[in-house]
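# Structural overview for review
Spelled out from the first residue to the last, the chains are:
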Amino acid sequence: MEHASFGDQRNATFSLAEEDHTLANALRFTLNQDPRVIFCGYSIPHPSEARVNIRVQTTGEPAREVLKDSCQDLMLMCQHIRGTFDKAVNDFRTTNPPDNHPSQDMDSD
């Protein structure tokens, strides 16, 4: 949900339901990397409420578009990290195959 300032699309507060610090801090980071962003911050209205408010102020572009672009950037970063991790796991498994020894069961009386 967007809570925009009337007539000024450069400033807006977005309320994200069912989210917490995990997504909010990552979005804040990507938004602050964007040169179009003057200010970005987030707050959690109440600890028992699963909602995050993200405030975005831009140099001129609509805040909604800048937030959308940052979400895309964050998604690409996550895909890159996942791909790098998966490749590292596969490389490790290739160079370190599991032992082919039958397990030795020990009976405990």
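The structure this text deals with has already been given above.
Treat the numbers as computed from the prediction; the structure is a model and nothing was measured.

In this section: unusual backbone geometry. Although it is not a glycine, E18 adopts a positive phi angle of roughly 60 degrees. Along the polypeptide, E18 turns up in the loop between β2 (8–17) and α1 (21–33).

The next thing to look at is the packing of α1 against helix α2 (residues 63–95). Running from N to C, α1 and α2 point in directions that differ by 105 degrees, and their axes come no closer than 9 Å. For the element pair α1 / α2, the angle class is roughly perpendicular. Contact with α1, carried on its side by L23, A26, L27, T30 and L31, involves V66, L67, S70, C71, L74 and M77 of α2 and no other residues of that element. Taken together, the residues of the contact of α1 with α2 sort by class into 9 nonpolar, 2 polar and no charged.

This brings us to the environment of A12. Looking at the secondary structure, you find A12 in strand β2. Of the residues examined, A12 reaches a relative accessible area of 0% and is grouped as buried. Along the backbone, A12 and C40 are 28 residues apart, and their C-alpha atoms lie at a distance of 9.9 Å.

The rules behind the values
- Residues numbered from 1 in each chain as written.
- Predicted model: local features only at pLDDT ≥ 70, side-chain atom pairs only at ≥ 80, totals over all residues.
- Heavy atoms only, no water.
- Helix = DSSP H or I, 4+ residues; strand = E, 2+ residues; numbered from the N terminus.
- Axes fitted to C-alpha atoms, helices over the stretch in contact; angles between N-to-C directions.
- Parallel < 35°, antiparallel > 145°, perpendicular 65-115°, else oblique.
- Contact = heavy atoms within 4.5 Å.
- Nonpolar A, V, L, I, M, F, W, Y, C, P; charged D, E, K, R; others polar.
- Buried < 20%, exposed > 50% of the residue type's maximum accessible area, 1.4 Å probe, protein only.

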